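Single-letter residue listing:
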Amino acid sequence: MLPTTLDEATAALAAVPAAVPVAGGTDLMVGINSGQLRPSALVGLGRVSEIRGWQYLDGHALLGAGLTHARMGRPDFAALIPALAAASRAAGPPQVRNAGTLGGNIVSAAPTGDTLPVLAALEAGLVIAGAEGARREVPVSHLLAGVEMLRPGEIVGHVRVPLLHAPQTFLKATARTGPGRALASVAVVLDPARRGVRCAVGGVAPMPLRPLEAERWIASLIDWDGDRALNREALDAFGEYVAMACIPDPAPAEDGGETPVLPPAALHLRRTVATLARRGLGRALA
């Protein structure tokens, strides 16, 4: 089925409840090729032009869920939402970036999804299309946490992102040289209007993590009316604060025995997150 509008697509899904919507198919084909998925029908979204661009609306950017990583990585988009553009440029090799879409990254909700920590840090919202023109909006964090899953016949049509007009960064560490799946990733967003710092960590848990206490602490140290730069000690402390919040020490033994310690792999991951958070904040403040 090849609908040309969101309403046609949701109608097709309502008519065939077992059908699966597909845009780029980069995640879907992995599941099919591995034998984990066997959809009885597909609803192609490639001809739905309304989800392949973006527009400005009330201080927000309304991004079509069909935007590809390659399109979001271009300079004009980077001027709009720099961290999301950086995440899109890091989303695998060219063939994946050319086909993979923003909506697919969200709905797949893989722990290593590159756009997810950026959307979490930006506190984006999802505009979900349902049958007969119905639309509803939920925070992206709800969907990623499984609080508000898509209902039968629904599609993520757009993503509403606040335009902060402030520095934001995305950094990613992979297990090998070049684009690949994230070992860990960190998005840092400054919000001068609210005198706040937002940080989200991806790749270390089933969903992006927000170290809220670390955000509030570091925001209290920034001179929002003057030079926002922080010294190396403060940046290092922020990195450690974020890493400890996301990868805490094991709980003490209940029987009073020897206190468990983090295994070497977890310690390495904690150090990686600390480095990414420190560098991300430092670049944003610079």
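Remember, it's a predicted structure, so these values are computed and weren't measured experimentally.

> Before we go on, may I ask you to explain the packing of helix α10 (residues 212-221) against helix α11 (residues 232-246) in this structure?
Two quantities define a packed helix pair, namely the angle between the helix axes and the distance between the axes. It is the contact of α10 with α11, at a shortest axis distance of 9 Å, that shows an interaxial angle of 165°. For the element pair α10 / α11, the angle class is roughly antiparallel. Note on packing geometry: the crossing formed by α10 with α11 is right-handed. The segment α10 lies against α11, with E213, A214, E215, W217, I218 and L221 engaging A234, A237, F238, Y241 and V242.

> Honestly, the nonpolar core in this entry has me stumped. Any pointers?
General note: in soluble globular proteins, nonpolar side chains tend to be found buried as a group. Counting 71 residues, the largest nonpolar core has L63, I81 and L281 as its most contacted members. Residue contributions to this core peak at 9 residues, all from helix α12 (residues 264-285). Within the second largest apolar cluster, 12 residues are counted, among which are L6, A41, V48 and I51.

> Help me understand unusual backbone geometry in this model?
Trans is the common state for peptide bonds, and a negative phi is the common state for residues other than glycine. The phi angle at D58 is positive, at roughly 55°, despite the residue not being glycine. Tracing the sequence through the fold places D58 in the loop between β3 (54-57) and β4 (60-64). The backbone of R195 sits at a positive phi, close to 50°, despite the residue not being glycine. Tracing the backbone through its elements, the reader meets R195 in the loop between β9 (182-191) and β10 (196-202).

> Just checking my understanding: could you explain the sheet that holds β9 for this structure?
Each strand in a sheet pairs with another by means of backbone hydrogen bonds, the pair being arranged parallel or else antiparallel. In spatial order, the strands read β8-β9-β10; together these 3 strands make up an open sheet with antiparallel pairing. Single-partner strands in this sheet number two, and they are β8 (168-174) and β10. If you compare each strand with its neighbour and ignore which way they point, the axes differ by 10° on average. For β9 and β10, the ladder comprises 7 bridges, and the chain directions are antiparallel.

> Please explain the environment of R47 as it appears in this structure.
Note on placement: R47 falls in the loop between β2 (42-44) and β3. R47 gets classed as exposed once you look at its relative accessible area, which sits at 55%. For the pair R47 and L2, spaced 45 residues apart in the sequence, the C-alpha separation amounts to 6.8 Å.

> Sorry if this is basic, but what is going on with the side chain of K172 here?
Its location among the elements puts K172 in strand β8. A polar side-chain atom of K172 sits 3.0 Å from a polar atom in the side chain of D114.

> Explain α11 here, please?
Within an α-helix, residues lying three or four positions from one another point in the same direction, as the helix has 3.6 residues per turn. Between its first and last C-alpha atoms α11 spans 21 Å; for 15 residues at 1.5 Å apiece the expected length is 21 Å, and the two agree. Within α11, the full set of buried residues consists of A234, L235, F238, G239, V242, A243 and C246. Packed against the buried residues of α11 are β10, α10 and α12. In this structure N231 caps α11, since a side-chain oxygen of it lies 3.2 Å from the backbone nitrogen of E233.

> Looking at this model, I keep getting lost on the pattern of salt bridges. Mind explaining?
Note on pairing: side chains with opposite charge can pair once their charged atoms come close. In the structure shown here, the tally under the stated rule is 14 salt bridges. The shortest N-O distance in the salt bridge between R71 and D76 comes to 2.7 Å. Across the salt bridge formed by D225 and R195, the nearest N and O atoms sit 2.7 Å from each other. With D225 in the loop between α10 and α11 and R195 in the loop between β9 and β10, this residue pair connects regions lying 30 residues apart in the sequence. A relative accessible area of 63% means that D225 is categorised as exposed. On the basis of relative accessible area, R195 is assigned to the partly exposed category, the value being 43%.

What counts and what doesn't
Residues numbered from 1 in each chain as written. Predicted model: local features only at pLDDT ≥ 70, side-chain atom pairs only at ≥ 80, totals over all residues. Heavy atoms only, no water. Axes fitted to C-alpha atoms, helices over the stretch in contact; angles between N-to-C directions. Helix = DSSP H or I, 4+ residues; strand = E, 2+ residues; numbered from the N terminus. Parallel < 35°, antiparallel > 145°, perpendicular 65-115°, else oblique. Left-handed = near helix turned anticlockwise from the far one by under 90°. Contact = heavy atoms within 4.5 Å. Core = buried A, V, L, I, M, F, W, Y, C linked by side-chain atoms within 4.5 Å. Buried < 20%, exposed > 50% of the residue type's maximum accessible area, 1.4 Å probe, protein only. Pairing = 2+ DSSP bridges. Polar contact = N/O pair within 3.5 Å; in protein donor to acceptor, adjacent residues only side chain to side chain. Expected span 1.5 Å × (residues − 1). Salt bridge = Lys/Arg side-chain N within 4 Å of Asp/Glu carboxyl O.

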